[in-house]
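Topology and contacts: notes
Okay, here's what each chain looks like letter by letter:
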Number of protein chains: 2
Amino acid sequence: MAEQAETLRRTPLSRDRVLRAAVALADEAGIESLSMRNLAQDLGVVPMALYKHVANKDELLDGMIDVIVGQIDPPASDIHWKDAIRRRVLSAREVLRRHPWAPLAIESRTMATPAVLAYLDSVVATFKAGGFSANLAHHVMHTMGSRVLGFSQELFDASRQAGRSGATTPEPPAALPPEFAARFPHLAEIAGAASHDDQSIVGEGCDDQFEFEFALDLLLDGIERLHQRGWTSPRRNG
Amino acid sequence: MAEQAETLRRTPLSRDRVLRAAVALADEAGIESLSMRNLAQDLGVVPMALYKHVANKDELLDGMIDVIVGQIDPPASDIHWKDAIRRRVLSAREVLRRHPWAPLAIESRTMATPAVLAYLDSVVATFKAGGFSANLAHHVMHTMGSRVLGFSQELFDASRQAGRSGATTPEPPAALPPEFAARFPHLAEIAGAASHDDQSIVGEGCDDQFEFEFALDLLLDGIERLHQRGWTSPRRNG
DNA sequence: TTGACAGGTGTACGCCGTACACCTACCGTC
DNA sequence: GACGGTAGGTGTACGGCGTACACCTGTCAA
């Protein structure tokens, strides 16, 4: 009996069990209560035991994000791109709404985790399958921002780096690692596809300001159209 | 001489000086280096001295945000709403780009600070001056999200509350304090203006899901329009 | 002269992440 | 069956954090 209890308690820890417990803890007690100590206690284990499964707290957060993003529905095929994107985004939103802490966590990571990149890659793929040029797909991804993830934010915002900014260090474009192109081919394709001019400045990376204004103007144009039509309510005849 | 140094060092601390120093520290060393201890050291003072000017670190962050948001250009009048909004948003973006840590800080605050509310209120005012109904202005504010602040995010996202969610406590709408209506009349007006149906569910607050889909569809429609026109580059003839 | 008070100080507490040395139970190999 | 390696849980300790609380000190009104 004591033996059984022992066995039970000793259900071996694993990276997966740690991540799930962390997500559960954040869900029910808030992300601010997620400490290595609290998490360890929930798992009936001493804090340092966790470090055998995750490198540190940042990696724990990354892992939690991946667990969640992995739950977003796979892309539907054989339907119009617009509907496919719409469904996917709403699925993402649904998933993220179950984990209210997740949007901020995703945004605060220095850069996207593999699961997030995979998701974004598949969204780009959907646009491209719908006949979008890499160029337009690029702008469109910026325009949707992280709304594509069920909330919104500039996803590729270099300013997020948090570090000592200062105009002194222009911070080179930090070319993507080669494995990146292999794993996320569509992202890789649009990464170089931002020609903001006919004389495209090749390899210049992308112009944040341009992307921001592009999205802003698309929004303002859409808003103007509503306004001019005398929009009042989505369904006039209920 | 020693006297002079004394006098200099003793330039009295003030809430304003604390906030400015905090912004400067966050700007140059990153928000993660902003601790009460580091800040105190920068000011040549002992950590606890700060607490005579700000209640705690959260209030410090709120104050820092207000300092920054207060720098956004005042609204231009006598020009078309679309141009007015565009300029204002780009001004906001410019301000926030000087403080890369600010967007995340703004998002992570439980609720908007007075300066943020004042800014949003004035943006709503611009829409209304352009002839928008309170209803449309409401949706449009959601659609722009915090892009209106130079980045993007659902601004009024209740899920941000971080706390123990759980479907068990439906969390009452938490009616706005009465002073709110007086200080931010336009926000107050649109707050109750979300009729998603002809039989408007009065006082129901607003339907996040509806707002999200409204914005998503506006984006997708705009994107579809670009796509159908065979959009390739913003300026075809350089 | 005095006493209130605004504002800076010093100490201490309980939290945090995590480095490092340790122990222990299991494994494949001989 | 003995044995060494290794995966994984433990215990202790350190430096940093936010901040409560008691204290001191200089200024100014009465």
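Residues numbered from 1 in each chain as written. Chains lettered and ligands numbered in written order. Predicted model: local features only at pLDDT ≥ 70, side-chain atom pairs only at ≥ 80, totals over all residues. Heavy atoms only, no water.

**Brief notes about the overall build of chain A**
Short version of the rule: Secondary structure is summarised from DSSP: a helix means a run of H or I of at least four residues, a strand means a run of E of at least two, and numbering begins at the N terminus for each. Any two residues whose heavy atoms approach within 4.5 Å are treated as being in contact. In short, Shrake-Rupley with a 1.4 Å probe defines the accessible areas, and a residue's cover is counted only from the protein chains shown.
Each helix and strand in chain A was counted, giving 11 helices and zero strands. When its helices and strands are written in sequence order, chain A yields α-α-α-α-α-α-α-α-α-α-α. Considering only residue pairs separated by 6 or more positions, chain A has 68% of its internal contacts joining residues 24 or more positions apart. Here chain A has roughly 12300 Å² of accessible surface; of this, 53% comes from carbon and sulfur atoms.

**Some details on the UniProt feature "DNA-binding region" (unreviewed entry) in chain A**
Heads up, the rule is: UniProt positions are given in the numbering used here, feature names are shortened, and annotations may be inferred rather than shown by experiment.
On the UniProt side, "DNA-binding region" (unreviewed entry) is annotated at positions that read residues 35–54 of chain A here. With 35% helix and 0% strand, residues 35–54 of chain A has end C-alpha atoms that lie 13 Å from one another.

**Digging into the protein's contact with DNA strand D**
Let me state the cut-off plainly: The nearness test applies per residue and asks whether one of its heavy atoms lies within 4 Å of the molecule or strand. Pairs of N or O atoms are called polar contacts if they sit within 3.5 Å, as long as, within protein, a hydrogen donor faces a hydrogen acceptor (for residues adjacent in sequence, only side-chain-to-side-chain pairs). Three categories are distinguished: nonpolar for Ala, Val, Leu, Ile, Met, Phe, Trp, Tyr, Cys and Pro, charged for Asp, Glu, Lys and Arg, and polar for the others, with Gly belonging to the last.
Inspection of the region around DNA strand D gives 16 residues, with M48, K52 and H53 of chain A together with R37 and Y51 of chain B positioned closest. Taken together, the sugar and phosphate atoms account for 41% of what DNA strand D places within 4 Å of the protein. Side-chain polar atom of S35 of chain B to a phosphate oxygen of DNA strand D: 3.1 Å apart, as the coordinates give it. R37 of chain B places a polar side-chain atom, nitrogen or oxygen, 2.3 Å from a base nitrogen of DNA strand D. The element contributing the most residues to the surface near DNA strand D is helix α3 (residues 36–42) of chain B, with three residues. Residues that form the surface near DNA strand D fall into these classes: eight nonpolar, four polar and four charged.

**Here's the deal with the packing of helix α11 (residues 208–228) of chain A against helix α11 (residues 208–228) of chain B**
Test applied: Helix axes use the C-alpha atoms of the stretch in contact, all axes being lines fitted to C-alpha atoms, and the angles between their N-to-C directions lie in the range 0 to 180 degrees. By definition in this entry, angles of less than 35 degrees are roughly parallel, angles greater than 145 are roughly antiparallel, angles of 65 to 115 are roughly perpendicular, and the rest are oblique.
It is the contact of α11 of chain A with α11 of chain B, at a shortest axis distance of 10 Å, that shows an interaxial angle of 100°. Comparing the axis directions of α11 of chain A and α11 of chain B gives the class roughly perpendicular. Taking contact as the criterion, the partners of F214, L218, L219, G222, I223, R225 and L226 of chain A in α11 of chain A are, on α11 of chain B, F214, L218, L219, G222, I223, R225 and L226 of chain B. Class assignment for the residues of the contact of α11 of chain A with α11 of chain B results in 10 nonpolar, two polar and two charged.

**Some points on the packing of aromatic side chains**
Residues and elements named next belong to chain B. Selection criterion: Stacked, edge-to-face and tilted labels apply to pairs of Phe, Tyr and Trp rings (six-membered ring for Trp) whose centres lie within 6.5 Å, assigned for plane angles under 30 degrees, over 60, and everything in between, in that order.
Considering all chains together, one arrives at eight aromatic pairs over all chains under this definition. Summarising the aromatic geometry, the rings of W81 and F132 are spaced 4.8 Å apart at their centres and angled 80° between planes, so their arrangement reads as edge-to-face. Of the two residues, W81 sits in helix α5 (residues 81–97) while F132 sits in the loop between α7 (114–129) and α8 (134–144), which places them 51 residues apart along the sequence.

**Things to note about the protein's contact with DNA strand C**
Within the structure, DNA strand C sits among 17 residues, and R37 and K57 of chain A together with M48, K52 and H53 of chain B are positioned closest to it. R37 of chain A has a polar side-chain atom sitting 2.3 Å from a base nitrogen of DNA strand C. With respect to DNA strand C, the side chain of K57 of chain A contributes an N or O atom lying 2.9 Å from a phosphate oxygen. Of the residues forming the surface near DNA strand C, the biggest block, three residues, is contributed by helix α3 (residues 36–42) of chain A. Residues that form the surface near DNA strand C fall into these classes: nine nonpolar, four polar and four charged.

**Topic: the environment of T143 of chain B**
Inclusion rule: Relative accessible area decides the class of each residue, using a 1.4 Å probe on protein chains only: under 20% of the type maximum gives buried, over 50% gives exposed, and in between gives partly exposed.
Mapped onto the elements, T143 of chain B comes out in helix α8. The buried category is assigned to T143 of chain B, whose relative accessible area is 1%.

**Side note on a nonpolar patch on the surface**
Stated formally: Candidates for patches are residues over 30% relative accessible area with no salt bridge; among them, like charges are joined within 9 Å and nonpolar side chains (Val, Leu, Ile, Met, Phe, Trp, Tyr) within 5 Å. Salt bridge criterion: a side-chain nitrogen from Lys or Arg within 4 Å of a carboxyl oxygen from Asp or Glu.
A cluster of nonpolar side chains, contributed by V46, M48 and Y51 of chain A, occupies part of the molecular surface with about 310 Å² of accessible area. Tracing the backbone shows Y51 of chain A in the loop between α3 and α4 (57–69).

**What to know about the packing of α11 of chain A against α8 of chain B**
Helix-helix packing: each pair is described by the crossing angle between the helix axes and the interaxial distance. For the record, the criterion: In this scheme, a crossing is called left-handed if the near helix is turned counterclockwise away from the far one by less than a right angle; it is called right-handed if the turn is clockwise.
Where α11 of chain A meets α8 of chain B, the axes come as close as 11 Å, and the angle between the chain directions of the two elements is 165°. One way to sum up the angle between α11 of chain A and α8 of chain B is to call them roughly antiparallel. Where α11 of chain A crosses over α8 of chain B, the handedness of that crossing is right-handed. Here L216, L219, L220, I223, L226 and H227 of chain A of α11 of chain A come into contact with α8 of chain B, specifically with L136, V140, T143 and M144 of chain B. Split by residue class, the contact of α11 of chain A with α8 of chain B holds eight nonpolar, two polar and no charged.

**With respect to helix α4 (residues 57–69) of chain B**
Residue and element names in this part refer to chain B. Applicable threshold: To estimate the expected span of a helix, subtract one from its residue number and multiply by 1.5 Å.
For α4, built from 13 residues, the straight-helix expectation of 18 Å at 1.5 Å per residue is met to within 8% by its first-to-last C-alpha distance of 18 Å. On its buried face, α4 is in contact with α2 (15–29), α3, α5, α6 (102–108) and α7. The N-cap residue of α4 is N56: its side-chain oxygen and the backbone nitrogen of D58 are 3.2 Å apart.

**So, the pattern of salt bridges**
Enumeration over the complete set of coordinates arrives at 18 salt bridges over all chains. In this structure, R109 of chain B engages D58 of chain B in a salt bridge whose closest nitrogen and oxygen atoms are separated by 3.3 Å. Linking R109 of chain B in the loop between α6 and α7 with D58 of chain B in helix α4, this pair joins segments that are 51 residues apart in sequence. Residue R109 of chain B is classed as buried on the basis of its relative accessible area, which comes to 12%. Residue class for D58 of chain B comes out partly exposed when judged on its relative accessible area of 45%. Salt bridges sharing partners connect three or more residues here, namely D58, D62 and R109 of chain A.

**Some details on the environment of W81 of chain A**
Residue W81 of chain A is classed as buried on the basis of its relative accessible area of 5%. Separated by 42 residues in sequence, W81 of chain A and V123 of chain A have C-alpha atoms that sit 9.7 Å apart. Excluding its chain neighbours within four sequence positions, the residues that come into contact with W81 of chain A are T126, F127, G130 and F132 of chain A together with L220, I223, E224 and H227 of chain B.

**A word on the environment of P47 of chain A**
Residues and elements named next belong to chain A. Considering the arrangement of structural elements, one finds P47 in the loop between α3 and α4. Each C-alpha atom of the pair P47 and M36 lies 5.9 Å from the other, and the pair is 11 residues apart in sequence. For P47, the contacting residues outside a window of four places in its chain are M36, R37 and A40.

**Section: unusual backbone geometry**
Residue and element names in this part refer to chain A. The phi dihedral of D78 is positive, around 65°, even though this residue is not glycine. With respect to the element layout, D78 can be found in the loop between α4 and α5 (81–97). Under the relative-accessibility criterion, D78 is labelled exposed at 78%.

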